[in-house]
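Structure assessment
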Amino acid sequence: MSYSEGIEIEAKLLAPDWSQLTQLPAALESLGACVSDSDERQFVDHYLDTADLHVMRAGWALRWREFPQRSILTLKGLKPPEGGIAVREEIEEDVEGTLKDGIPVGALGGRVKDMVGGADLQLLFSMQQSRSLRTALFTNGLKLEVSCDQIRWSGNSTQEEEFVAELEVCEGSEEQLRSLLSSLLESLDWTISTQSKFERGLEVAGLAG
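So, here's what we can say about the structure. Treat the numbers as computed from the prediction; the structure is a model and nothing was measured.

It is worth spelling out the pattern of salt bridges at this point. In this structure the tally under the stated criterion is 17 salt bridges. Its salt-bridge partner being E5, residue R111 comes within 2.6 Å of it at the nearest N-O pair. Note that R111 is positioned in helix α4 (residues 111-116) and E5 in strand β1 (residues 3-15), a separation of 106 residues in sequence. Here R111 falls in the partly exposed class, since its relative accessible area comes to 29%. Residue E5 is classed as partly exposed on the basis of its relative accessible area of 46%.

Structure follows, in C-alpha cells:
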C-alpha cells in the first residue's frame, strides 16, 4: 500500500472533440518535446462527502478512483487556478476493497475522519474516464505527465461529456509550465479550463451553488 503527499502543479485545457485532443502530442513535439508512446487507461472516479459537505467546506475534494484491479483514494485541495495554472495540495493512498466496503478509518493519515467527525460519507457523483497517458520531456528540463481524457459525468437524469488535456509537472517549475502553456495556446484553438473536474461534476449533479 503506497501513500504520498505533495503539491500538484497542473494546467487543464478543453478541446472541442476527441479528434482534436489527439493533436496534443504533435503540438508538444513541435515545441521541442520528446513525447512517449501512449498508455491507455480506463477508470471511474467517485467523489464523496457528507450530507453537509464537511470535506468541501474544509477546502478539499475526496475522490475514490476505481481501476479494474486497484483503487486510489485522494484528497485534492480546492485552491482555484491562477492564469490557467492550478497549484494544489494532493494526498493519495492505495486502498483495498471496493467503495461499498467504505473508507478505512485511518486512510490518508486519518484526515478524512478528522474532517467529517462522525458523519457518514455519501456519493456526490461519478464520472467515467478514458485516458491516454504520456510523458513529455523538454530540453530545458521540464518533464510533464500529459493526459488526454474523454470524460463522461452522470448527474440527475443528465449526462455530459468533455475532452480534457492535463499537463502536470513531474520535474521543473510553475514558470516553465506557464511559458509552455502560452506557446501551446498559440498553436491550438482550445480554451483554458477554469474549473476542476470536481467543480464541473457538482454542476452536472445539480450540487453547485
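From this point, the discussion proceeds with the structure in view.
Here the focus is the packing of aromatic side chains. Enumeration over the complete set of coordinates arrives at four aromatic pairs. Judged by centre distance (5.0 Å) and plane angle (25 degrees), the ring pair of Y47 and F125 falls under stacked. Here the residue Y47 occupies a position in strand β3 (residues 39-49), and F125 occupies one in strand β7 (residues 122-137), the gap between them amounting to 78 residues. Pairing Y47 with F198 gives two aromatic rings, centres 5.3 Å apart and planes at 40 degrees, and the pair type is tilted. Of this pair, Y47 sits in strand β3 while F198 sits in helix α6 (residues 197-204); the two residues are 151 residues apart in sequence, bridging distant segments of the chain. For Y47, a relative accessible area of 4% gives the class buried. In this structure, R200 is placed above the aromatic ring of W153, and the distance from its NZ or CZ to the ring centre is 5.9 Å.

What counts, and where the lines are drawn
- Residues numbered from 1 in each chain as written.
- Predicted model: local features only at pLDDT ≥ 70, side-chain atom pairs only at ≥ 80, totals over all residues.
- Heavy atoms only, no water.
- Salt bridge = Lys/Arg side-chain N within 4 Å of Asp/Glu carboxyl O.
- Helix = DSSP H or I, 4+ residues; strand = E, 2+ residues; numbered from the N terminus.
- Buried < 20%, exposed > 50% of the residue type's maximum accessible area, 1.4 Å probe, protein only.
- Phe/Tyr/Trp six-rings, centres within 6.5 Å; stacked < 30°, edge-to-face > 60°.
- Lys NZ or Arg CZ within 6 Å of the ring centre and 35° of its normal.

That's the geometry; what it means functionally is another story.
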